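Chain by chain, the residues:
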Amino acid sequence: MSVWPAWEVREHESVTSWFHVRLAFEDGAQVDVLAVACEADVSIEDVRAQPPLSLDDLAVLADWIEEPLFAAIGAPTAPSCAPEEASARRARLPWPSGIEGRWLVAEEYRAAQGDGVDPVLAVMCATGHSRRKSLRLIAGARDAGFLAPRHARR
């Protein structure tokens, strides 16, 4: 994790500072945050993540960046309720590889079709991967025979 100042605005007696925060995970996931500090308040202006964060991960984002951000600002950190829980979380839950992963992708795809929702989006939400990676996983499930072929072969 890295934190660096972006810019600062001074107006009368107050100072507003913007900071870039980057979280890089071992599995290649990355989260970029633009945070604003004004007096004793810190807020998040922008979040960009690859792959996209789930709502649960977005809820604990503040716990992930709290200590390094407050250290960069020079403010004491607030006591956290569960620091070991926040550090144990990842941006994306591990998705099984191989035949098991393909089977789970196929199950998710078929369930979404049955519910009448976008099956690719359902696979994206289940795996936490981008659309391109999810399409590759779906193609792998088709190749493994878990899903019907996309086009009839002649």
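What this report covers is the structure whose coordinates are included nearby. All of these numbers come straight from a predicted model, not from anything done at the bench. (Residues numbered from 1 in each chain as written. Predicted model: local features only at pLDDT ≥ 70, side-chain atom pairs only at ≥ 80, totals over all residues. Heavy atoms only, no water.)

### Here we look at the sheet that holds strand E2 (residues 14–24)
Threshold: By definition, two strands form a pair when at least two bridges between them are found by DSSP. Secondary structure counts use DSSP, requiring at least four H or I residues in a row for a helix and at least two E residues in a row for a strand, with both numbered from the N terminus. The axes are straight lines fitted to the C-alpha atoms, using for helices just the contacting stretch, and the angles between their N-to-C directions are given from 0 to 180°.
Spatially, 4 strands are ordered E1-E2-E3-E4 in an open sheet, and the strand pairing comes out antiparallel. Unpaired on one side and paired on the other, strand E1 (2–11) and strand E4 (41–50) mark the two borders of the sheet. For this sheet, the mean inter-axis angle between neighbouring strands, taken without regard to orientation, is 15°. Of the pairings in the sheet, the one linking strand E3 (residues 30–38) to E4 comprises 9 bridges and is antiparallel in character. By the bridge assignment, Val 36 is partnered in E4 with Ser 43.

### Some details on the nonpolar core
Rules: Residue types Ala, Val, Leu, Ile, Met, Phe, Trp, Tyr and Cys, when buried and joined through side-chain atoms within 4.5 Å, form a set referred to as a nonpolar core. Remark: exposure states derive from per-residue accessible area (1.4 Å probe, protein chains only) relative to the maximum for the residue type, with buried under 20%, exposed over 50%, and partly exposed in between. Contact definition: two residues touch when any of their heavy atoms are within 4.5 Å.
Judged by nonpolar contacts, the single largest core of 13 residues is most densely connected at Leu 23, Leu 61, Trp 64 and Ile 65. Elements with a contribution of two residues or more to this core: E2, E3 and helix H2 (61–73). If sequence neighbours within four positions are ignored, Leu 23 has contacts with Met 1, Ala 29, Gln 30, Val 31, Leu 61, Trp 64 and Ile 65. Among the nonpolar cores identified, the runner-up in size contains 9 residues, and Val 120, Val 123, Met 124 and Ile 138 belong to it.

### A short note on unusual backbone geometry
With an omega dihedral of 0°, the bond running from Gln 50 to Pro 51 counts as a cis peptide bond. Here Pro 51 lies in the loop between E4 and helix H1 (55–59).

### Brief notes about the pattern of salt bridges
For clarity, the threshold we go by: Whenever Lys or Arg places a side-chain nitrogen within 4 Å of a carboxyl oxygen from Asp or Glu, that contact is recorded as a salt bridge.
Overall, the coordinates contain 4 salt bridges when judged by the stated rule. Between Asp 32 and Arg 22 there is a salt bridge, with its nearest N and O atoms 2.6 Å apart. Placement of Asp 32 in strand E3 and of Arg 22 in strand E2 is noted, with a sequence separation of 10 residues between them. Residue Arg 131 is joined to Asp 118 by a salt bridge in which the shortest nitrogen-to-oxygen separation is 4.0 Å. With Arg 131 in helix H6 (residues 131–143) and Asp 118 in the loop between helix H4 (98–115) and helix H5 (119–127), the pair connects residues that are 13 residues apart, well separated along the chain. When its relative accessible area of 36% is taken as the criterion, Asp 118 is described as partly exposed.

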